[in-house]
Amino acid sequence: MTNLAEYYQNLSKEPISPEILNQFNHYKNQLLEWNSHISLTAIRTPEEIETKHFMDSLSLLPTLQKYHVKSLIDIGTGAGFPGIPLKIVDPALKLVLVESVEKKANFCRHIIQTLDLKDTSVVVERAETVGQDKTYREQFDCAAARAVAVLPALLEYLLPLVHVGGLVIAQKSASVDEEVKQAKNACAILGGGVMQVEPITIPGLDAERALVIIEKVKPTPAVYPRRVGLPAKKPL
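Everything numeric here is computed off the predicted structure, so don't read it as measured data. (Residues numbered from 1 in each chain as written. Predicted model: local features only at pLDDT ≥ 70, side-chain atom pairs only at ≥ 80, totals over all residues. Heavy atoms only, no water.)

Focus on the state of the cysteines
1) Next: Taken as a whole and assessed by the stated rule, the structure comprises zero disulfides.
2) Next: Between Cys142, a cysteine without a disulfide, and Cys187, which holds the nearest cysteine sulfur, the sulfur-to-sulfur distance is 14 Å.
3) Next: A residue is classified by how much of its surface remains accessible, and Cys142, at 0% relative accessible area, is buried. (Disulfide = S-S within 2.5 Å. Buried < 20%, exposed > 50% of the residue type's maximum accessible area, 1.4 Å probe, protein only.)

Here is the structure:
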């Protein structure tokens, strides 16, 4: 089975450094330790962490490189995914992690501190509130999320956060075609362009995955995102 080092080399076309591998090992060990006391993730074995968290997060790397992404906001990051693995392999990336659950945010802060990740911060807030905050609104090259919400609601969380010309990446299962159809109206209203669906394969995962990639082509109207809870209850 392909391991993390091999997967990274396949993606980036260069070998992973011992320093980066050490950071991933520390991250994995800390996640296992914290998870034994507080529930951060249902994934509880070293092998699953490597495939379902680390490799799954790194699947965004070619897209970030293709679009020359320098700043990323990760919505509903949980225990730091996909943001922290992407930061580990690209130390120059400006990263903001958004997580509304305090215990998960605390874990992210711990990893940031122990790995000495520069230009990385954690915001304990709901995505709707962050999207209306001038500190973050339309400030990023890319906004990303996985397993957060159905696509129409997710676009209302993500598109307000990237500048025109920026990028939204939603990590989804391969069976995303119906969600894409349902999200066309939301995408147009919120300033998104064409929705590209890029199938990806994660070694060791039976389920196929896909990235929904959207370039922002016009500013998001000021009314969006709507108040907390409304995007999920009444998607555009």
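Observations concerning the pairing of strand 4 (residues 140-146)
1) Next: Among the seven residues of strand 4, seven are classified as buried, and the element is accordingly described as predominantly covered.
2) Next: Both strand 1 (residues 71-75) and strand 4 contribute to a ladder of three bridges, which runs parallel. Across the sheet, the residue bridging to Ile73 is Ala143, located in strand 4. (Helix = DSSP H or I, 4+ residues; strand = E, 2+ residues; numbered from the N terminus. Pairing = 2+ DSSP bridges.)

Remarks on the packing of aromatic side chains
1) Next: Within this structure, the stated rule accounts for six aromatic pairs.
2) Next: Centre to centre, the rings of Tyr27 and Phe54 are 5.2 Å apart; their planes meet at 35°, and the pair counts as tilted. Taken together, the residues Tyr27 in helix 2 (residues 18-35) and Phe54 in helix 3 (residues 46-58) connect sequence positions 27 residues apart. The same class applies to Tyr27 and to Phe54, which are both buried.
3) Next: With a centroid separation of 5.2 Å and an interplanar angle of 65°, the aromatic rings of Trp34 and Phe107 are classed as edge-to-face. Taken together, the residues span a long stretch of sequence, with Trp34 in helix 2 and Phe107 in helix 6 (residues 102-114) at a distance of 73 residues.
4) Next: On the accessibility criterion, Trp34 (22% relative accessible area) is partly exposed.
5) Next: With a relative accessible area of 0%, Phe107 lands in the buried category. (Phe/Tyr/Trp six-rings, centres within 6.5 Å; stacked < 30°, edge-to-face > 60°.)

Considerations on the pairing of strand 3 (residues 120-123)
The side chains of a regular strand alternate, first on one face of the sheet and then on the other.
1) Next: Sheet analysis places strand 2 (residues 94-98) next to strand 3, joined by four bridges and oriented parallel. If you follow Leu95 over to strand 3, its bridge partner there is Thr120.
2) Next: At this point the chain moves from strand 2, through helix 6, to the parallel strand 3, and the crossover so formed is right-handed. (Right-handed = clockwise from strand over helix to strand, strands pointing away.)

Some thoughts on the packing of helix 2 against helix 6
1) Next: Contact pair helix 2 / helix 6: the axes reach a minimum separation of 11 Å and the direction vectors enclose 150°. Crossing geometry of helix 2 relative to helix 6 is assigned as right-handed. Taken together, the residues of helix 6 that come into contact with helix 2 (itself represented by His26, Tyr27, Gln30, Leu31 and Trp34) are Lys103, Asn106, Phe107, His110, Ile111 and Thr114.
2) Next: Here the contact of helix 2 with helix 6 is built from residues that sort into five nonpolar, five polar and one charged. (Axes fitted to C-alpha atoms, helices over the stretch in contact; angles between N-to-C directions. Left-handed = near helix turned anticlockwise from the far one by under 90°. Contact = heavy atoms within 4.5 Å. Nonpolar A, V, L, I, M, F, W, Y, C, P; charged D, E, K, R; others polar.)

Here's the deal with the sheet that holds strand 7 (residues 209-216)
Within a sheet, each strand pairs with its neighbour through backbone hydrogen bonds, oriented either parallel or antiparallel.
1) Next: What the seven strands build is an open sheet, ordered 3-2-1-4-5-7-6; its pairing is mixed. Looking at the sheet topology across the chains shown, the edges are occupied by strand 3 and strand 6 (192-200). Here the average twist between neighbouring strands, direction ignored, is 20°.
2) Next: Pairing between strand 6 and strand 7: seven bridges, direction antiparallel. Following the sheet pairing, Val197 is matched in strand 7 by Val212.
3) Next: The strands that helix 3 touches are strand 4, strand 5 (162-173) and strand 7; relative to strand 4, the one it contacts most, it runs at about 150°.

Section: the nonpolar core
1) Next: Phe24, Tyr27, Leu58, Ile84, Leu86 and Ile169 are the most contacted members of the largest nonpolar core, which totals 46 residues.
2) Next: The element best represented in this core is helix 6, accounting for five residues.
3) Next: When neighbours within four sequence positions are excluded, Phe24 is seen to be in contact with Leu4, Ile16, Phe54, Leu58, Pro85, Ile88 and Val89.
4) Next: Residues Leu154, Leu161, Val162 and Val212 belong to the second largest nonpolar core, which totals 33 residues. (Core = buried A, V, L, I, M, F, W, Y, C linked by side-chain atoms within 4.5 Å.)

Overview of helix 1 (residues 4-12)
1) Next: Within helix 1, the full set of buried residues consists of Leu4, Tyr7, Tyr8, Leu11 and Ser12. Down the axis of helix 1, the buried set is contained in an arc of 115°. They therefore lie on one face.
2) Next: In this structure, the buried side of helix 1 is in contact with helix 2, helix 3, helix 4 (61-66) and helix 5 (83-89).
3) Next: Its side-chain oxygen placed 3.2 Å from the backbone nitrogen of Ala5, Asn3 serves as the N-cap of helix 1.
4) Next: Once helix 1 ends, the next one or two residues include Lys13, with phi positive near 65°. (Arc of directions from axis to C-beta. Polar contact = N/O pair within 3.5 Å; in protein donor to acceptor, adjacent residues only side chain to side chain.)

A short note on the environment of Lys28
1) Next: Along the chain, the position of Lys28 falls in helix 2.
2) Next: The buried category is assigned to Lys28, whose relative accessible area is 13%.
3) Next: Each C-alpha atom of the pair Lys28 and Thr135 lies 31 Å from the other, and the pair is 107 residues apart in sequence.
4) Next: Look past the residues within four positions of Lys28 in its chain and what remains in contact with it is Pro46, Ile49, Glu50 and Phe54.

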